[in-house]
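Now for the letters of each chain:
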Amino acid sequence: MAKINVPEPLFIERLKKALVDGLGTAGIDAEVETEPVQLTKLYRVSVIAWGFKHMPPSERQDFTWKIAGNTLDREEQLRISMIVTLTPDELDTRWTDDEKVQNEIECLERVI
């Protein structure tokens, strides 16, 4: 069966931009990805950033949810099932040190 590509709702586009911009203001270059939760109107959000390395998970969550709260209205916030905040290391522990350095360089090149 063919998969139908449905465009993201505007609130998701606003949230992605706000997270990238807000974290960027704090010196954290982030990659934000979203995916719909099947059979619901909810969305999962993942925020991947090397800048999270020295932040405890609770601080990452507070920071990202504060940005979400300042960007989305209450009804839109209720459509976010979760925001996962990880470093690339935490996302994939199989990377070699050389791959981690290369990925960091690629992240920086996208920003520049």
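Residues numbered from 1 in each chain as written. Predicted model: local features only at pLDDT ≥ 70, side-chain atom pairs only at ≥ 80, totals over all residues. Heavy atoms only, no water.

Student: Which parts of the structure should I look at to understand the pattern of salt bridges?
Tutor: Side-chain pairs of opposite charge can arise where the charged atoms are in close proximity. The full count for this structure, using the stated rule, is 5 salt bridges. Across the pair E35 and R44 runs a salt bridge whose closest N-O atoms are separated by 3.4 Å. The partner of E90 in a salt bridge is R60, and the shortest N-O contact between them spans 2.7 Å. On the criterion of sequence distance, the pair formed by E90 in helix 4 (residues 88–91) and R60 in helix 2 (residues 57–71) is long-range, its members being 30 residues apart. Overall, the relative accessible area of 3% leaves R60 in the buried class. (Salt bridge = Lys/Arg side-chain N within 4 Å of Asp/Glu carboxyl O. Helix = DSSP H or I, 4+ residues; strand = E, 2+ residues; numbered from the N terminus. Buried < 20%, exposed > 50% of the residue type's maximum accessible area, 1.4 Å probe, protein only.)

Student: Teacher, can you tell me more about helix 2 here?
Tutor: In an α-helix, one full turn covers 3.6 residues, which means residues spaced three or four apart are oriented alike. Its 15 residues place the ends of helix 2 21 Å apart at the C-alpha level, agreeing with the 21 Å of an ideal helix rising 1.5 Å per residue. Listing the buried residues of helix 2 in full gives R60, T64, I67 and A68. End-on, the buried residues of helix 2 take up no more than an arc of 100 degrees, which puts them together on one face. Turned more than 90 degrees away from the buried face of helix 2, the exposed residues are D62, K66 and N70. On its buried face, helix 2 is in contact with helix 1 (10–25), strand 2 (43–48), helix 3 (74–77), strand 3 (80–86) and helix 4. (Expected span 1.5 Å × (residues − 1). Arc of directions from axis to C-beta. Contact = heavy atoms within 4.5 Å.)

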